[in-house]
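Fold and contact review
Residue strings, one per chain:
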Amino acid sequence: MRMTKFSLFVRSLVYNIVFYLNTILWCVIGLPTYAMPRWGIIWIAKTWARTSAWLLTLICNVKVEYRGVENIPEGPLLVASKHQSAWETFALMPFFDQPLFILKRELTRIPFFGWYLVKAQMIGLDRESGGRALLKMMKNARDQVQRGRQLIIFPEGTRRPVGAPPDYKVGVSQIYVGCGVTCLPVALNSGLFWPRRTFLRYPGTLVVEFLKPIPAGLSRDEFTAQVSSAIEDASNRLIREGRAEQERIMGFSAP
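Small disclaimer: the values here were computed from a predicted structure and weren't measured. (Residues numbered from 1 in each chain as written. Predicted model: local features only at pLDDT ≥ 70, side-chain atom pairs only at ≥ 80, totals over all residues. Heavy atoms only, no water.)

So, about helix α1 (residues 5–29). Its 25 residues place the ends of α1 36 Å apart at the C-alpha level, agreeing with the 36 Å of an ideal helix rising 1.5 Å per residue. Those residues of α1 that fall on the buried side of the exposure criterion are Leu8, Ser12, Tyr15, Asn16, Phe19, Asn22, Thr23, Trp26 and Cys27. Where α1 is buried, its residues meet α2 (38–60), α3 (88–91) and α4 (113–119). (Helix = DSSP H or I, 4+ residues; strand = E, 2+ residues; numbered from the N terminus. Expected span 1.5 Å × (residues − 1). Buried < 20%, exposed > 50% of the residue type's maximum accessible area, 1.4 Å probe, protein only. Contact = heavy atoms within 4.5 Å.)

Here it is, written out as structure tokens:
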């Protein structure tokens, strides 16, 4: 039976309410981690991510398929992911031992949630402070990755609508060269199921594909060409798969 637009609206509304309640719950559960080493809050973050993804499947019928998990290397790593949705900002964390994000410094000022980001030693960036702040961020990222963490970045800098032309920023190649570690490209089609700027959550199979790692040591231009080609080719293929499935489920695909 095809899902109606009314059912889509109701399921999406329920999920959004439950998502924020779940976030508040884990913020409360995580209070003792302020007195613990970093692994405590990382465990809380991963568990919150898993439950949020599970609730999306349960309420909105968004199944998730992970491909290429065997391609994930151990140890220090740069993870370069396609960015279509808020979904990947939390759902990728459980796959990495010590996940690390670069984020807007304003987020660290949010009561409780932002304090957890500080506790987890995420990297806050003040975008208005210019080149000096960028250099400090680069050094911080390099130091933490070389201590064994996995830096998850979005090479286009912000969420891009499904079908939008790619817009890879120069910063990702600078981070790659500066960190001197392997890069794991990640393709996905999350924008079909959790589009930006809408609360609707569309059913279907959200696919994440961990692609073959790109070794350290390439020039900036070589790296940019390889990572963008790998991510875009695979993401476009996953989008075609997702649209075809949504047509079968709903009679239309997400915008």
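In this sheet, strand β5 (residues 150–153) lies alongside strand β3 (residues 99–104) in parallel orientation, the contact comprising three bridges. The residue bridging Phe101 from the neighbouring strand is Ile152, located in β5. Both β3 and strand β4 (residues 123–125) contribute to a ladder of three bridges, which runs parallel. Of the residues in β4, the one forming a bridge with Leu103 is Gly124. The β-α-β motif built from β3, the intervening α4 and the parallel element β4 has right-handed crossover chirality. (Pairing = 2+ DSSP bridges. Right-handed = clockwise from strand over helix to strand, strands pointing away.)

The mixed open sheet is built from seven strands, whose spatial order is β1-β7-β6-β2-β5-β3-β4. The outermost strands of the open sheet, each flanked by one partner alone, are β1 (62–67) and β4. Direction aside, neighbouring strands of the sheet carry axes that sit 20 degrees apart on average. Packed onto the sheet, helix α7 (residues 220–250) meets β1, β2 (77–81), β6 (183–188) and β7 (204–210) and runs at close to 25 degrees relative to β6. (Axes fitted to C-alpha atoms, helices over the stretch in contact; angles between N-to-C directions.)

Phi at Asn61 is positive, roughly 60 degrees, even though this residue is not glycine. Checked against the element boundaries, Asn61 lands in the loop between α2 and β1. Exposure remark for Asn61: the relative accessible area of 27% places this residue in the partly exposed category. Of note, Phe112 is a non-glycine position whose phi angle comes to about 65 degrees, a positive value. Of note, Phe112 is situated in the loop between β3 and α4. Phe112 gets classed as partly exposed once you look at its relative accessible area, which sits at 41%.

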